[in-house]
Amino acid sequence: MEVVIVPDAKAGGELIAGAIGALLGRKPDALLGVATGSTPLPIYQALADLVRSGAVDASRARVCQLDEYVGLPAGHPESYRSVVLREVVEPLGLSEDAFMGPDGSAEDVQAACEAYDRALAEAGGVDLQLLGIGTDGHIGFNEPCSSLASRTRIKTLTEQTRVDNARFFDDDIDQVPHHVITQGIGTILEARHPILLATGEGKADAVAATVEGPVASIVPASALQLHPHATVVVDEAAASKLKLADYFRATYAAKPAWQGL
């Protein structure tokens, strides 16, 4: 696992957007796995700027969702499909044909989960998967004690996660769904390059447990230690609990530029 410490969220977004741009230069039709929430917004903003300037051609890129709420009506502004269309697909100038995600309104939710897992494989697999991290160490909606071999499935949200997400629902926890479809940890680990971005002091404990703690289901993100090419990008505040912070800074500073992320 490579850990990169950046000054702030903007720098992290620009670094990761540059890595996505380099990937699209090598593989124009790459499948990009995207996360929602406030943390990845600097990535999408920086990537859209690169596309608008002509520095990156994203015209053939494909985008796939990490997770989706169950039960929200089609077109609900806080469904993750709506969020991804609004924050990623439209700013990059892509069509909805370039976008894939699970059906959170399906009558048979389990079948929808299995269909999405198959669809990712049939699309050739995810080339780069963006991830955030919860204060409890979850990735996607794989809550603590999720199986490290789990596949795309339905999950029940913890009360803390619903409290955290209430800000997107007028601060009304009663509007936050109890269930979601999420890529499983095993599914996430099949991505060729998972990149986790964490910012803010509130994520510092989760980041330290993910990077320096044991691989354990109590901290789902720690499973990234098992991946041959996982990158964790953190700002100074999120890195504040890392014992090896100086080591991570030194190794990244000495890294050959041609390697990229």
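I will try to describe carefully the structure that is included in this document. (Residues numbered from 1 in each chain as written. Predicted model: local features only at pLDDT ≥ 70, side-chain atom pairs only at ≥ 80, totals over all residues. Heavy atoms only, no water.)

Brief notes about the sheet that holds strand 7 (residues 153-156)
Part 1: The strand order across the open sheet built from three strands is 4-8-7, with neighbouring strands paired in antiparallel fashion. The open sheet has two free edges, formed respectively by strand 4 (67-69) and strand 7, since each of these has just one partner strand. Averaged over all pairs of adjacent strands, the angle between their axes in this sheet comes to 30 degrees, without regard to strand direction.
Part 2: Where strand 7 meets strand 8 (residues 179-182), four bridges bridge the pair, whose relative direction is antiparallel. (Pairing = 2+ DSSP bridges. Helix = DSSP H or I, 4+ residues; strand = E, 2+ residues; numbered from the N terminus. Axes fitted to C-alpha atoms, helices over the stretch in contact; angles between N-to-C directions.)

Thoughts on empty space enclosed by the protein
Part 1: Taken as a whole, this structure holds two cavities of 30 Å³ or more when the rule is applied.
Part 2: Around the largest cavity sit Ile16, Ala35, Thr39, Pro40, Ile43, Leu130, Leu131, Gly132, Ile195, Leu196 and Leu197, which together line it.
Part 3: Mapped onto the lining of the largest cavity, the elements with two or more residues apiece are strand 6 (128-131) and strand 9 (193-198).
Part 4: Here the lining of the largest cavity gets three residues from one element, more than from any other, and that element is strand 9.
Part 5: Taken together, the residues of the lining of the largest cavity break down into nine nonpolar, two polar and no charged.
Part 6: By volume, the second largest cavity amounts to about 40 Å³. (1 Å grid on protein atoms, 1.4 Å probe; cavity = no way out; pocket = protein on both sides within 12 Å on 5 of 7 lines; lining within 4 Å. Points joined across faces, edges and corners; volume = space filled by probe spheres on them. Nonpolar A, V, L, I, M, F, W, Y, C, P; charged D, E, K, R; others polar.)

Points about the pairing of strand 8
Part 1: Note: strand 4 against strand 8, three bridges, orientation antiparallel. Paired with Glu68 across the strands is Ile181, a residue of strand 8.

Examining the layout of surface pockets
Part 1: Looking at the largest pocket, its volume works out to about 520 Å³.
Part 2: What lines the largest pocket is a set of 30 residues, and nearest its centre among them are Thr36, Gly37, His138, Asn165 and Arg167.
Part 3: Looking at the lining of the largest pocket, the element that brings in the most residues is helix 3 (residues 80-89), giving four residues.
Part 4: For the lining of the largest pocket, the per-class residue count stands at twelve nonpolar, eleven polar and seven charged.

Overview of the packing of aromatic side chains
Part 1: Going through the model one piece at a time under the given rule, you end up with five aromatic pairs.
Part 2: With centroids separated by 6.1 Å and ring planes inclined at 20 degrees, the aromatic side chains of Tyr80 and Phe141 adopt a geometry described as stacked. In this pair, Tyr80 is assigned in helix 3 and Phe141 in the loop between strand 6 and strand 7, connecting sequence segments 61 residues apart.
Part 3: Given the relative accessible area of 8%, Tyr80 is considered buried.
Part 4: Residue class for Phe141 comes out buried when judged on its relative accessible area of 4%.
Part 5: An aromatic cluster of three or more residues is present, and its members are Tyr69, Tyr80, Phe141 and Phe169. (Phe/Tyr/Trp six-rings, centres within 6.5 Å; stacked < 30°, edge-to-face > 60°. Buried < 20%, exposed > 50% of the residue type's maximum accessible area, 1.4 Å probe, protein only.)

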